[in-house]
Amino acid sequence: MQHHTPSRRTSVASFIGWIAATALGLLLLLAAANYFLNPLTFRADAMRKVAQAFEAGQNFAIDDPNLDFRGLRREHLKIMSAKPNVVIFAGSRFEVATHKVFPGERFYNAFGHNDYFEDLLAVTELLEQTGKLPRTLVLSVRHLTFRPIAERETDEWRMWEPEYRRMAEKLGLQPPPRRDTFPLNHYLSLFSVEYLRHGISHLTLKSELPNGPTRQAADAVRDILHPDGSLTFSAKHVGTFTAESARAESLEQAARLAKRKATVPTEEDAQALDKLLRYLQARGVRPVIAVTPHHPAFWQAVGNENYGRTLSQLEAASRRIAERAQVPFVGSFNPAAAGCTEANFRDYIHLDEACLKAIFDKIPPVSSAPNA
């Protein structure tokens, strides 16, 4: 009788196949763990529960404010029962602005971290498709708004890709190839060990207030999301903000950026923003362009450097776009011009509600707007 033994090649192939299957299984297990441990980053159903809490008049306690705010806005605006009169949108520069900045108005803060130009189109589309276009829409321009896609360091703006593309089509703009706007890194982050560590660490966070709906407006450990879209940091979080750390961080950022350039809009950028502003006006919305200041120490350090000069050029170009479309322009990168002091800042670019209100207070009443 002849016996057949597996060849060495077959054994090696089987071993490699076993290794590959094991690796794939571990990756899928990692993705599943991240999906469930980081619900407000990856799960629309979890964001919908937050939105439902808002509509029930509750706040929502969270471990960490680094979540998919664009996904949360999408879910909230879908079910929001009352259309706001005033909506503001920027990155985290607007995050602490509450309804108090527009007293007497039905207000919504639609901020999303790390904003770019595409976000301005996307938030307009999202508001329109959900029937929530307001009477006044405040849109912000920052030092990176018009930065080319290939030079960007953050990807959150990609989470509104569908909305951005729909609005670009309405405005007659040619969006970049889908490979340049698809949120691939977001989905790849499901396989991130760092996200796994993050999720596990928050499982062990001790607090009297658990994650979820709450009537509390503030907490010692949890950050709080509010129905008006704003964010209140925990006492623990606020305790990390000091005048000394804000100044030190501002000087560090100034040293890093001084010789670089802020991104000034090209003529194509200017025309695209002009089209968006006129699109809003045609639908009865008064758009406003708002610029927020930088920390005085930062501004003093870069004002006469390349970065400061290009920031001033960006501000002037944005003001010209607003004037051409006859829409209000408020604020400045220069803190003195914006009416804000060092006490208003927690770092080189993030400011408090008092500074934001000082800027928004300069928006003319609707009755005095050119197109009212």
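Chains are numbered independently. Their residues run from 1 in the order of the written sequence. In keeping with the predicted nature of the model, local features appear solely for residues at pLDDT of at least 70, side-chain atom pairs appear and are counted solely at 80 or more, and the whole-chain, interface and lining totals rest on all residues. Note that the side-chain values use all heavy atoms of the structure and ignore hydrogens as well as water.

## Re helix α3 (residues 44-55)
Selection criterion: Numbered from the N terminus, helices here are DSSP runs of H or I no shorter than four residues, and strands are runs of E no shorter than two. Here the expected span of a helix is defined as 1.5 Å times the quantity of residues minus one. Under the scheme applied here, a residue whose accessible area is under 20% of the maximum for its type counts as buried, over 50% as exposed, and between as partly exposed, the area being computed with a 1.4 Å probe on protein chains only. Summarising the geometry, the arc corresponds to the directions from the helix axis toward the C-beta atoms. The contact criterion used is simple: two residues touch if any of their non-hydrogen atoms lie within 4.5 Å.
Taking 1.5 Å of rise per residue, 12 residues should cover 16 Å, and α3 covers 16 Å from first to last C-alpha, within 8% of that figure. Residues A46, M47, V50, A51, A53 and F54 constitute the buried set of α3. The arc that holds the buried residues of α3, viewed along the axis, is 155°, so those residues lie on one side. Next to the buried residues of α3 lie α2 (39-42), β1 (59-62), α4 (69-79), β5 (212-214) and β6 (223-225).

## Thoughts on the state of the cysteines
Note the threshold: Here, the term disulfide refers to a pair of cysteine sulfur atoms separated by no more than 2.5 Å.
Applying the stated rule across the entire model yields one disulfide. Across a sulfur-sulfur distance of 2.0 Å, C340 and C355 are joined as a disulfide pair. The chirality of the disulfide connecting C340 with C355 is right-handed, given an S-S dihedral of about 90°. Highlighted residues: C340 in the loop between α14 (335-338) and α15 (353-360) and C355 in helix α15, separated in sequence by 15 residues. You'll find C340 and C355 in the same group, each marked buried.

## Describing the packing of aromatic side chains
The cut-off we apply is this: Here is the rule: rings of Phe, Tyr and Trp (six-membered ring for Trp) pair when centre to centre is within 6.5 Å. Planes less than 30 degrees apart are stacked, more than 60 are edge-to-face, and the remainder are tilted.
Under the defined criterion, the tally for this structure stands at 13 aromatic pairs. Arranged with centres 5.2 Å apart and planes meeting at 90°, the rings of Y35 and F36 form a pair that is edge-to-face. Accessibility expressed as a relative area gives 54% for F36, which makes it exposed. Seen from their ring centres, Y116 and W157 are 6.5 Å apart, and the 75° between their planes marks the pair as edge-to-face. Residue Y116 is located in the loop between β3 (107-109) and α5 (117-129), and its partner W157 is located in the loop between β4 (136-140) and α6 (161-171); the two are separated by 41 residues in the primary sequence. Of the aromatic side chains, those joined through ring pairs into one cluster are F94, F102, F107 and F360.

## Section: a nonpolar patch on the surface
Quick note on the threshold: Patches draw on residues past 30% relative accessible area with no salt bridge. Two like charges within 9 Å are joined, as are two nonpolar side chains (Val, Leu, Ile, Met, Phe, Trp, Tyr) within 5 Å. Note that accessible areas follow from Shrake-Rupley with a 1.4 Å probe, and for residues the cover is restricted to the protein chains shown. A side-chain nitrogen of Lys or Arg and a carboxyl oxygen of Asp or Glu constitute a salt bridge if their distance falls within 4 Å.
On the surface, a cluster of nonpolar side chains totalling about 750 Å² of accessible area is made up of L24, L27, L28, F182, L184, Y187, L188 and F191. Mapped onto the nonpolar patch, the elements with two or more residues apiece are α1 (8-37) and α7 (184-188). By the element assignment, L188 lies in helix α7. Note on L188: relative accessible area 45%, which makes it partly exposed.

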